[in-house]
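Each chain is listed here by its residues.
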Amino acid sequence: NISRYIEKGEKPLAAALKGSEEIGFTIVSLTVSLIAVLIPLLFMREVVGRLFREFAITLAISILISAVVSLTLVPMLCAKMLRPHAETQQRRRSAVAVAAERAFNRLVAGYDRMLGRVLDHQTLVLWVATGTVALTVLLYVLIPKGFFPLQDTGILQGMTEADPKSSFDAMVERQQALADVIRRDADVDSLSSFVGVDGTNTTLNNGRFLINLRPKAQRTDSIEQTMERLRRAAMQVSGIELSLQPVQDLTIDSTVGRAQYQFILEAASTAALAPWVPKLLQRLQQAPELANVSSNFADSGLTAKVDIDRDTAARFGVTAATIDNALYDAFGQRIVSTIYAESNEYRVIMEADPRLQNSVASLNDIYLPSAGGGQVPLGSIAHISVQTAPLEIDHLGQFPAALFSFDVAPNASLENAVAAVRAAEQQVGLPVGISTTFEGAALAFQSSLHNEVLLIIAAIVTVYIVLGVLYESYIHPLTILSTLPSAGIGALLALMIAGLELNIISIIGIILLIGIVKKNAIMMIDFALNAERVEGRAPREAIHEAALLRFRPILMTTVAALFAALPLMLGRGTGSELRAPLGISIVGGLLVSQLLTLFTTPVIYLFFDRIAVRMRQRLARWRNDGAEAAPAGHEPS
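Just so you know, these numbers come straight off a predicted model, no measurement behind them.

Trainee: Describe in detail the packing of helix H16 (residues 484-497) against helix H17 (residues 504-533), supporting the description with residues and values.
Mentor: Where H16 meets H17, the axes come as close as 10 Å, and the angle between the chain directions of the two elements is 150 degrees. At the point where H16 passes H17, the crossing takes the right-handed sense. In this structure, H16 contributes Leu484, Ala487, Ala491, Leu492 and Leu495 to the contact, and H17 contributes Ser506, Ile510, Leu513, Ile514 and Val517. Among the residues making up the contact of H16 with H17, the classes are represented as nine nonpolar, one polar and no charged.

Trainee: Describe the sheet that holds strand E4 (residues 240-246), naming the residues involved and giving the relevant values.
Mentor: With respect to topology, four strands assemble into an open sheet ordered E2-E3-E1-E4, the strand pairing being antiparallel. Either end of the sheet is taken by a strand with one partner, and the two such strands are strand E2 (188-195) and E4. Strand-to-strand twist across the sheet, computed as the mean angle between neighbouring axes with direction ignored, equals 20 degrees. Packed on one face of the sheet, helix H7 (residues 168-183) meets strand E1 (155-162), E2, strand E3 (206-213) and E4 and runs near 170 degrees to E2. In the packing of helix H8 (residues 223-234) onto the sheet, the strands contacted are E1, E2, E3 and E4, and the crossing angle to E4 comes to about 170 degrees.

Trainee: Lay out the pairing of E4 in plain terms, naming residues and giving numbers.
Mentor: Of all seven residues in E4, six are buried, a share of seventy percent or more. Both E1 and E4 contribute to a ladder of seven bridges, which runs antiparallel. Bridging across to E4, methionine 159 finds its partner in serine 243.

Trainee: Describe in detail the side chain of serine 294, supporting the description with residues and values.
Mentor: Assignment of secondary structure puts serine 294 in strand E6 (residues 290-295). With residues up to four places along the chain from it excluded, the contact list for serine 294 reads Arg258, Leu281, Leu403, Phe404 and Ser405.

Rules of the game
Residues numbered from 1 in each chain as written. Predicted model: local features only at pLDDT ≥ 70, side-chain atom pairs only at ≥ 80, totals over all residues. Heavy atoms only, no water. Axes fitted to C-alpha atoms, helices over the stretch in contact; angles between N-to-C directions. Helix = DSSP H or I, 4+ residues; strand = E, 2+ residues; numbered from the N terminus. Left-handed = near helix turned anticlockwise from the far one by under 90°. Contact = heavy atoms within 4.5 Å. Nonpolar A, V, L, I, M, F, W, Y, C, P; charged D, E, K, R; others polar. Pairing = 2+ DSSP bridges. Buried < 20%, exposed > 50% of the residue type's maximum accessible area, 1.4 Å probe, protein only.

Structural data, given as structure tokens:
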């Protein structure tokens, strides 16, 4: 705006004072409304809200500092550094600069002609604006919904499971064979293997892999294709199953599952769960929206039950505690001594001969001390039998539970997958005593799915209230907010063309669009209102001139925001999948909104201006009628 006055012949200092005074309220309106857009992000609930609270605070403070700089430092620099108009004319300009200026002038002239035609057909343009609202709602309903995008961080986490009856030695052998197969893949750089009971593996038939892939630039396939290839290769090893999922930068799951999403089946007892888990598992595995469905409910493990003949044991003077100690001595981890060396110490563990630990029959050969000083074989005072039993019993709160894990099928969304799980529950016909609940990311998705629309509506309402206070009007904020449907169309179309879901990241992008896009209307309306009130121009003439004068700054700010979002959209580095929806939604929304709002905003401004005039006329007639009806000597209330 300062440069425009300098080009008209004003001195730089006078132009800086005049131009900054004119644009000051516009900057305040933009700043306050931008910060208002971020207010709903500060009040987002649960884990998602805590993730993005710092994001909103950082943006709000940055915008506030930028406004202070724009109102103070920038006018001072313009007054000191911009050249007077005479000096600018005397300088030689390059052929490229002259050609660019001519091209821009032709662009402004073309926009002037098209805007004149649009203002001559305002009814048609109003229908177009109404159609954008309907199309935005339709696209929101049609677009697949998700939570967080799947990232390619170059690290895969694998969960292995063997038959519940497998021994530790058999599990180690199969895990090693599976590791050899995985290492032969061209995209695998290294891996770590874990077998045995630890903080993650709760039973001996489970194992883990941490697979490091080669750098993303050196791989030809996507991480989904790599995981599918590794799963097919793992089928070569019999007796063990492999589940894979990529390690994510952002995760809210408290447990490591065999797939990306989990839900829990809960009942009052393990016996009540047992018949329904396999039925539901089979039905879920048939759902086309789901992939890699599994459950940790394992009730077919083996246990050796020792039934003591207490009468016979009493005759020999053998107690239950004696039997317990003998079994722990043979198969437990009893420390009998510690050997101290110069730099280390070594614990001596007592156990039975490992060759005798491979069969339940060896329990019969455990000898117990009797009261008479002799040795009594365990088999003579107890009956040993092999039975099935659960390897583990999980609980949710105080009730037994079974954890199901699932991934989303390639052509489905998380929204479809959640609906498929609910449909499977109804088809199986779970009894009233069994309940289901989603866990981790799936549970947070359900919550965010209900809050997404409320979050966007809250942002719009907040902006409306703030703009209403700034402009002291109910009408002009509606004109400014009329630019938002076009941005929504652009963002949703861009996401659908890119094959992406509407997730938390793209929702953040759309909320930022609400703050960015409305600056087009604010720039036009501020100048039009000033032209009407100060210069006494007609509404059509005022908004027409405002659109032409603000065309350059509108185009400049849009292109600047567009180029700022391009690195997010085009980035292909590690973890770029998390940033891409933000860039795509901003770029798509800016492109479409720029094309539409340059023509719809002037028409909507005139439409609401006519409504405001009619309301003032009706109010004036009501006041006049009240004055005529009032008794003499009394003022109408």
